[in-house]
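# Results of the structural survey
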Amino acid sequence: MADTLIREGVAYGSQPLSPVPEYWNGSSYEKVQGINGATRVINYNSAGETFTGASPGSVQLTATSTVAISGTVTAVISGTATVTISGNATVNVSTVPVVGSANNTWSASATISSGATSTAVDLQYCYNISYFGSITNTASITLNLLVSQDNSAYYTAATATITAGTSSSFHYSTQTAARYAKLQSTGVSAIITATIAGK
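Residues numbered from 1 in each chain as written. Predicted model: local features only at pLDDT ≥ 70, side-chain atom pairs only at ≥ 80, totals over all residues. Heavy atoms only, no water.

### So, the overall build of the protein chain
- The secondary structure content of the protein chain amounts to 0 helices and 10 strands.
- Seen in sequence order, the protein chain has helices and strands lined up from the N terminus as β-β-β-β-β-β-β-β-β-β.
- For the protein chain, buried positions account for 24% of its 199 residues.
- When contacts within the protein chain are restricted to residue pairs at least 6 apart in sequence, those whose partners lie at least 24 apart make up 68%. (Helix = DSSP H or I, 4+ residues; strand = E, 2+ residues; numbered from the N terminus. Buried < 20%, exposed > 50% of the residue type's maximum accessible area, 1.4 Å probe, protein only. Contact = heavy atoms within 4.5 Å.)

### Structural notes on the sheet that holds strand 9 (residues 180-186)
- Spatial ordering of the open sheet is given by 4-9-6-7, a layout of 4 strands whose pairing is antiparallel. Pairing within the sheet leaves two strands with one partner each, and these edge strands are strand 4 (121-122) and strand 7 (155-162).
- In this structure, strand 6 (residues 141-148) lies alongside strand 9, joined through 7 bridges in antiparallel fashion. If you follow Val 147 over to strand 9, its bridge partner there is Ala 181. (Pairing = 2+ DSSP bridges.)

### Re the environment of Thr 117
- Structurally, the position occupied by Thr 117 is in the loop between strand 3 (106-112) and strand 4.
- Taking the relative accessible area as the measure of exposure, Thr 117 reaches 38% and is therefore partly exposed.
- The spacing of Thr 117 and Leu 143 is 26 residues in sequence and 9.9 Å in space, taken between C-alpha atoms.
- If near-sequence neighbours (up to four positions away) are discounted, Thr 117 is found in contact with Trp 106, Leu 146, Lys 182, Leu 183 and Gln 184.

### A look at the pattern of salt bridges
- What the rule picks out here adds up to 1 salt bridge.
- For the salt bridge of Asp 122 with Arg 179, the shortest nitrogen-to-oxygen distance reads 3.0 Å. One end of the pair, Asp 122, is in strand 4; the other, Arg 179, is in the loop between strand 8 (165-175) and strand 9, and 57 residues separate them in sequence.
- With relative accessibility at 29%, the residue Arg 179 sits in the partly exposed group. (Salt bridge = Lys/Arg side-chain N within 4 Å of Asp/Glu carboxyl O.)

### A word on the nonpolar core
- Counting residues in hydrophobic clusters, the biggest one holds 23 residues, and the most contacted among them are Leu 123, Tyr 131, Leu 183, Ile 192 and Ile 196.
- Put simply, the parts of the chain that give this core at least two residues each are strand 3, strand 5 (128-137), strand 6, strand 7, strand 9 and strand 10 (190-198). (Core = buried A, V, L, I, M, F, W, Y, C linked by side-chain atoms within 4.5 Å.)

### Section: the confidence of the model for the protein chain
- Averaged over every residue, the pLDDT of the protein chain is 79; the share at 70 or more is 67%.
- Strand 1 (residues 22-24) is the least confidently modelled element of the protein chain, averaging 74 in pLDDT, while strand 9 averages 95, the highest of any element. (pLDDT = per-residue confidence, 0-100.)

### Focus on the pairing of strand 7
- With 7 bridges joining them, strand 6 and strand 7 adopt antiparallel strand pairing. Note that in strand 7 the partner of Ile 141 across the bridge is Ile 162.
- As consecutive antiparallel partners, strand 6 and strand 7 are separated by 6 residues, and within that stretch Asn 151 has a phi angle of approximately 60°, a positive value.

### Section: the packing of aromatic side chains
- Throughout the structure, instances matching the rule amount to 2 aromatic pairs.
- For the pair Tyr 131 and Tyr 172, a centre-to-centre distance of 5.5 Å together with 35° between the ring planes defines the contact as tilted. A residue pair is termed long-range when its members are at least 10 positions apart, and Tyr 131 in strand 5 and Tyr 172 in strand 8 qualify at 41 residues.
- Judged by its relative accessible area of 2%, Tyr 131 is buried.
- Relative to Tyr 172, the ring of Phe 170 has its centre 6.2 Å away and its plane inclined at 25°; by these criteria the two rings are stacked. (Phe/Tyr/Trp six-rings, centres within 6.5 Å; stacked < 30°, edge-to-face > 60°.)

Structure representation (structure tokens):
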């Protein structure tokens with residue numbers, strides 16, 4: 001026997017079938033509800049709860065994915081990810097990356113010869129840069145801050161002259177969009193302890 005549609009007063013055999021979208025909910029038939037004839041879908045999370053504004057669930061993107069985001073969105077990105085933002089967008093960074101462990105360029109373990117360059121420091125996402133430390137020198141030396149985008153070709157971003165002293169402390173700050181930075185000492189050999197830091 002054919003199923004009886006909700007809107008029909010008699011069974012199918014006595015009256016032609018009328019198109020009434022409906023589904024079996026396990027115990028009875030219900031009309032499909034939606035806007036302009038579209039099917040209404042309710043999504044459930046792994047706990048069997050419906051998604052709400054307060055509990056919208058999460059989406060995991062794999063491989064190459066393009067996602068259009070509008071309104072106010074909070075995104076948590078972990079692991080290795082590349083995010084491209086275009087158009088009129090405002091990005092708020094809740095945690096500003098900090099770069100620069102102590103003595104990450106020179107550690108005073110050896111005398112730095114004139115013209116020597118230090119270890120390069122990756123300053124990705126850091127705009128404000130400081131370089132500081134101490135120098136034990138017998139004559140004035142020039143300390144250059146070199147910057148690079150590819151860690152290959154370096155250019156002078158700032159120059160400072162440090163006079164002779166038993167142990168001269170120094171601290172300089174600058175701003176740069178370059179990704180890498182390192183120090184170069186010219187003039188005379190010296191014992192140098194130096195840190196490059198950014199945030």
